[in-house]
Amino acid sequence: MLMNIVARGQLWVDMYEPRSEAELAVHVRKVENVRNWLRESLEGGPSGKLRKYRRVLVLTGPAGTAKSSTIRVLSQELKFEIIEWKSSTSESFTNATDFDATSSGLWVSDDTIFTKFRLFLERASQCQSVFSSSSTPNPRKRPLPSSSLSSSNANSTPIQRLILLEDLPNVLHSNTRSQFHDVIRSLVENQDPNPVPVVIILSDSGMRGEAGDERLASGVWERDQDSAVDIRSILPKDVLNGPYVDEIRFNPIAPTLLKKALQALLSRKFPSQKSPITGQMLDIIVDSANGDIRSAIMALQFACIRLNKKTKGADSQVLMESITRREQSLALFHLMGKVFYNKRKGDPPAPSASARDIKKDQEIDKRLKDPPELPPYLSEHDRKASRVDVNTIYSDSPIDSSLFSLYIHQNFIQFCTDVDQCDGIADWLSWADSSGGDTWYQVNPYRFHLLALGTLHSLPAPVPRLNQKVCKPDFFDNINKEKESWDGVRDVRSWIINQGTDSGWNFSGWNPRTIATELGGVLRARDATSSTETPFAQRAPPSHRTFSNLKFLYPKSDRKSIGGQPLYETDDGEPYSDGAILAEEQQEMGMWQDEKESERVVSIADAGGWLDSDDITYF
């Protein structure tokens, strides 16, 4: 039935696509941010000088958050034409008109799909439309991958254009990714003062955490940038950090906006008759969508089709549960809340709980079975039945068990009420870390379950509501600081060797590990006593402070959370660092170089740092 609907072009997501900003289920500030960028890229902003900097805009966020629809709605408002790339493996070039004289005189018929993509970008960014028109540009216009650029205007006056890239090449392939980086780099380095702006739509992959655990358990491992499509993999680092790229992240659509949009859609679909969708059914669709309006509309359409068969009562409830069941990961914010607040059967509702939440908890309690009574010598482990289904949250988790353990390690203290509870969770964390295989990637396949069950068992029930804030792990910040520190060590080593070369001393014996462990205090003292009159060549590089001046920061006593960066409802748990330092990088940095290696660690006195017998006065 669904295939017949698709074949007839009757999908509601296409029939009722937003036509104005009022129909967009996107926060007005987010739409305004995109509108301002588009105006600056097409008109230059208030000063008229920003156009050359507004070259690439990347719209990121979960799927179904109206990223493409926002661009199409604004194209009607701002009167620009969308030129969109759509890949097709069936296209071929058959005549001389397919010959591109600007592309080194090459025929395209034997080239790859990426070559067509490159030629499309060259033509779209340099050529004016050969068609004439006059009316409002059609936001749905999608030229073929390497065909001529089509327009819907009927005037000789050229209209403004925008390149939309949503169907990207396979950037997971290393060669394709490298070529894609070169193409994007050439676009931003173009000297044209009025470039054609490029908008890239990049939706989150939404892969579940258990998939990463399965890959690790099987010994298959790849670096994050090689196995995930994100803004760091599609754009080269120099371009991403440059002035020509901007990112606007779309959040999952809020339940209130999503429900309002679905109600408006039902009003348009059933203008003169009653909708078969009740308010309770609409709430189920909104709750299951997790902010994905495309999924919600598909579920709504399918429910209306099935409910036309006069399904009633309990059958309607079962039908809605089957329709709204989807492969969508649970939001990380809610995942950690389920674990840390440790709700159990019969617990009183939270002060902020709504009547619907209270009723939902009561229905869960009716289905829960009381655990068997424990013998007296195990009475300390007696717990009520948990409302948290660990198997369900694991299958819906957006993060793997390794990152899950980091979030627990970062935040569990603030949810405990005594030291014994902290000790219990710490034991489970330690046991899970030490129960893997011989190599680092051979983790315990049940680690997520052990951590979740162990944390739920150790926490108090109910957990006191003290306005706790779940924070992101400091682990990734510490990894980045470690990398910066080793960069500072290498800078200091180069400076020492240069100083020795100028004075005739051989300081090559100062390897990175010796500098990091023995020279930090000297550099810090030298920094404190040096004056501005010291010659610049004799000053240690400022980067030495990354390892010579380490400060221990105590958490503030008035802070309700452990850590610095809170976890918000829209966060997806993606690690915000370049990753751990690999073994090859560690060897290159000299992190593990010691006396057993080929290069002997020369003592401080032999290296010429200072005298072997310093003038030290003993008291």
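Cut-offs used in this document
Note that residues are indexed from 1 along each chain, following the sequence as it is written. Thresholds applied to this predicted model are a pLDDT of at least 70 for local features of residues and 80 or more for the giving and counting of side-chain atom pairs; totals over whole chains, interfaces and linings are not thresholded and use all residues. As a rule here, side-chain values cover all heavy atoms of the structure and leave hydrogens and water aside. One speaks of a salt bridge when a side-chain nitrogen belonging to Lys or Arg is within 4 Å of a carboxyl oxygen belonging to Asp or Glu. The way it works is that DSSP assigns letters per residue, a run of H or I at least four long becomes a helix, a run of E at least two long becomes a strand, and they are numbered from the N terminus. Throughout, exposure labels follow a simple rule: accessible area from a 1.4 Å probe, protein chains only, divided by the maximum for the residue type, with under 20% read as buried, over 50% as exposed, and the rest as partly exposed. At least two DSSP bridges between two strands are needed for those strands to be called paired. Angles shown run from 0 to 180 degrees and are taken between the N-to-C directions of axes, each axis being a line fitted to C-alpha atoms and, for helices, limited to the stretch in contact. Both site types are read off a 1 Å grid over the protein atoms alone. A 1.4 Å probe that fits but cannot get out defines a cavity, while an open set with protein on both sides within 12 Å along at least five of seven lines defines a pocket; lining residues have an atom within 4 Å of a point. Grid points are joined across faces, edges and corners, and a volume is the space filled by probe spheres set on the points. Residue type decides the class: Asp, Glu, Lys and Arg count as charged, Ala, Val, Leu, Ile, Met, Phe, Trp, Tyr, Cys and Pro as nonpolar, and the leftover types, Gly among them, as polar.

Q: Tell me about the pattern of salt bridges, residues and numbers included.
A: Tallied over the entire structure, the rule returns 22 salt bridges. With a closest N to O distance of 3.0 Å, K259 and D283 form a salt bridge. With K259 in helix α11 (residues 255-269) and D283 in helix α12 (residues 279-289), this pair connects stretches of sequence that are 24 residues apart. For D370, the salt bridge is made with K345, and the minimal N-O distance between the two is 3.1 Å. Highlighted residues: D370 in the loop between α16 (355-367) and α17 (390-396) and K345 in the loop between α15 (332-341) and α16, separated in sequence by 25 residues. Classification of D370 as exposed rests on a relative accessible area of 57%. The exposure class of K345 is partly exposed, given its relative accessible area of 21%. The network of salt bridges with shared partners includes E21, E32, R35, R39 and E77.

Q: Outline the sheet that holds strand β1 (residues 56-61), supporting the account with residue identities and numerical values.
A: Pairing is parallel across the open sheet formed by 5 strands, whose spatial order is β2-β3-β4-β1-β5. Of all strands in the sheet, those bounded by a partner on one side alone are β2 (80-85) and β5 (245-249). Taking the axes of each pair of neighbouring strands and ignoring which way they run, one obtains an average angle of 25° across the sheet. By the bridge criterion, 5 bridges tie β1 to β5 in an arrangement that is parallel. Residue pairing across strands places T60 opposite R249, the latter belonging to β5.

Q: Describe empty space enclosed by the protein, and please don't skip the residues or the numbers.
A: Counted under the stated rule, the structure contains 1 cavity of 30 Å³ or more. Approximately 60 Å³ is the volume found for the largest cavity. Along its surface, the largest cavity is lined by R55, V56, S125, L187, N190, P195, V196 and V198. Of the residues in the lining of the largest cavity, the class split is 5 nonpolar, 2 polar and 1 charged.

Q: Describe the pairing of β1, naming the residues involved and giving the relevant values.
A: By the criterion of burial, β1 is predominantly enclosed, with 6 of the 6 residues buried. Residues of β1 alternate between two faces, with V56, V58 and T60 on one and L57, L59 and G61 on the opposite face, all of them buried. As paired strands, β1 and strand β4 (residues 198-203) are joined by 6 bridges and run parallel to one another. In the sheet register, G61 faces β4, and the bridge partner there is S203.

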